[in-house]
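This is what each chain is made of:
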Amino acid sequence: KNSGRSRYTYFSESMDQLLSRRQEMEGDMRAALKTGNEFQVHYQPIISALDHRVKGYEALLRWEHPKFGSISPELFIPIAEETGMIEAVGEFVLREACKAAAKWSGKSVAVNVSGVELRDEGYAAKVRKILLSTGLSPQALELEVTETVATDEASAVVANLDALRAIGVQIAIDDFGTGFSSLGRLRTLNVDRIKIDRSFVQGFGEKAGDEAIIRAIVELAHARGLKTTAEGVETSLQDAGLVKIGCDSLQGFLYSKPVPLRDIEHISTPAGSP
Ligand code: C2E
Ligand code: CA
Ligand code: CA
Ligand code: CA
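Residues numbered from 1 in each chain as written. Chains lettered and ligands numbered in written order. Predicted model: local features only at pLDDT ≥ 70, side-chain atom pairs only at ≥ 80, totals over all residues. Heavy atoms only, no water.

Per an unreviewed UniProt entry, the protein chain carries the name Bacteriophytochrome cph2 and comes from Martelella mediterranea DSM 17316.

This is how it looks when you write it as structure tokens:
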């Protein structure tokens with residue numbers, strides 16, 4: 001049929017465009033990784049719920065593409081994972097973050113780690129090497145993994161997480177609540193911190209169910225001796241509610257967006273304090 005053929009043509013053309021755009025991006029990423037110029041690590045403060053002081057930062061990668069402009073990590077990280085470039089990308093972020101954090105006194109840094117990286121048997125050794133060469137104490141490094149990765153039973157993943165925790169590196173579960181595992185899974189997870197996904201935080205004060213979920217996560221986490229961080233805090237109403245529930249740390253645009261390293265000095269000490 002005619003319409004069928006034209007639809008097919010349209011489909012194949014847009015697939016071609018998509019593919020070539022992706023291939024272009026892939027090639028550009030490879031080149032950008034060599035120079036390192038287009039990649040930049042930004043830092044978002046993590047606030048203590050006790051006194052609202054900055055206690056650390058999360059490292060978030062930025063790619064400033066000369067033609068496409070700023071490309072979201074939600075888009076380029078999956079490409080890096082599928083093409084084997086994630087190892088180089090992850091190493092770049094980790095080294096930059098550890099180098100930066102080694103100069104902050106008493107503040108920690110959190111780095112996102114892909115499951116692909118953790119499936120590499122040499123990952124824990126690589127982290128250790130970077131800690132040694134940058135002089136950062138393992139206790140000042142927190143690695144954020146998703147629920148899926150934390151519950152991955154692949155032997156390399158388990159061995160890497162165990163080895164990292166054994167030297168004092170903290171492990172956090174990112175985006176908690178969005179995965180497939182149940183709340184009960186919290187009882188068996190071998191981690192130090194839970195980061196409550198911002199989708200629950202956003203419903204705070206609006207959707208009673210979200211508040212109940214946060215309450216349950218914090219209670220279960222504390223019963224197991226785990227710390228909690230609420231992500232995506234945008235309003236002072238959310239801030240007040242999360243403090244009341246007993247979340248340990250807070251993160252979100254209310255306090256600061258992720259900023260380049262050179263801008264950190266301006267927010268590391270709350271205005272008015274010495
Ligand atoms: P994530 O780890 O959940 O990081 C939090 C994301 O939420 C960041 O987006 C941050 O800019 C954004 N955010 C922070 N506070 C707020 C808020 O109050 N409201 C809203 N609406 N958003 C907020 P970003 O930087 O675009 O990163 C997206 C995702 O890309 C990250 O989600 C993480 O999964 C991934 N990613 C970023 N950098 C890296 C990296 O170096 N390695 C790996 N493997 N993944 C990374
Ligand atoms: Ca994260
Ligand atoms: Ca998150
Ligand atoms: Ca996320």
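Picking up where we left off.
### With respect to the pattern of salt bridges
Scanning the model with the defined rule gives 14 salt bridges in all. Among the salt bridges present, the one from Asp192 reaches Arg165, with a minimum N-O distance of 2.8 Å. Of the two residues, Asp192 sits in the loop between β6 (170-176) and β7 (193-196) while Arg165 sits in helix α7 (residues 155-166), which places them 27 residues apart along the sequence. With relative accessibility at 17%, the residue Asp192 sits in the buried group. (Salt bridge = Lys/Arg side-chain N within 4 Å of Asp/Glu carboxyl O. Helix = DSSP H or I, 4+ residues; strand = E, 2+ residues; numbered from the N terminus. Buried < 20%, exposed > 50% of the residue type's maximum accessible area, 1.4 Å probe, protein only.)

### Some thoughts on the coordination of the calcium ion (ligand 3)
Within the protein, the atoms that donate to the calcium ion (ligand 3) are Asp174 (OD), Asp175 (OD), Glu231 (OE) and Glu231 (OE), at distances of 2.1 to 2.6 Å. In the primary sequence, the donor residues of the calcium ion (ligand 3) line up as D-D-x55-E. Here the calcium ion (ligand 2) and the calcium ion (ligand 3) are spaced 3.9 Å from one another, each receiving a donor from Asp174. With Asp174 in strand β6 and Glu231 in the loop between β8 (227-230) and α10 (236-245), the pair connects residues that are 57 residues apart, well separated along the chain. For the residue pair Asp174 and Glu231, the accessibility class agrees, reading buried in each case. (Donors = N, O, S within 2.8 Å, 3.2 Å for Na, K, Ca; no water.)

### Here we look at unusual backbone geometry
For His52, which is not glycine, the phi dihedral falls at a positive 60°. As for its placement among the helices and strands, His52 is situated in the loop between β1 (39-48) and β2 (54-65). Notably, Asp175 is not glycine yet its phi reads approximately 50°, a positive angle. Its place among the elements puts Asp175 in strand β6.

### Some remarks on the environment of Ser256
Its location among the elements puts Ser256 in the loop between β9 (249-250) and β10 (259-260). Considering only alpha carbons, one finds Ser256 and Trp63, 193 residues apart in sequence, at a separation of 20 Å.

### Quick notes on the coordination of the calcium ion (ligand 2)
The calcium ion (ligand 2) binds to the protein through Glu58 (OE), Asn112 (OD1), Glu144 (OE) and Asp174 (OD), with metal-donor distances spanning 2.1 to 2.4 Å. In primary sequence terms, the donor set of the calcium ion (ligand 2) follows E-x53-N-x31-E-x29-D. Taking relative accessible area as the criterion, Glu144 reaches 2% and is therefore assigned buried.

### Some words on the site of ligand 1
Surrounding ligand 1, one finds 21 residues, the nearest of these being Arg62, Asp174, Arg198, Glu234 and Phe253. Take Glu58: an N or O atom from its side chain is 3.3 Å from an oxygen atom of ligand 1. Note that an oxygen atom of ligand 1 is positioned 3.0 Å from one of the side-chain N or O atoms of Asn112. When the free accessible area of ligand 1 is taken as 800 Å², the share hidden by the protein chains comes to 84%. Among the elements of the structure, β2, α2 (73-82) and β6 are those that each provide at least two residues to the shell around ligand 1. (Near = heavy atom within 4 Å. Polar contact = N/O pair within 3.5 Å; in protein donor to acceptor, adjacent residues only side chain to side chain. Areas by Shrake-Rupley, 256 points an atom, 1.4 Å probe, with all protein chains shown as cover.)

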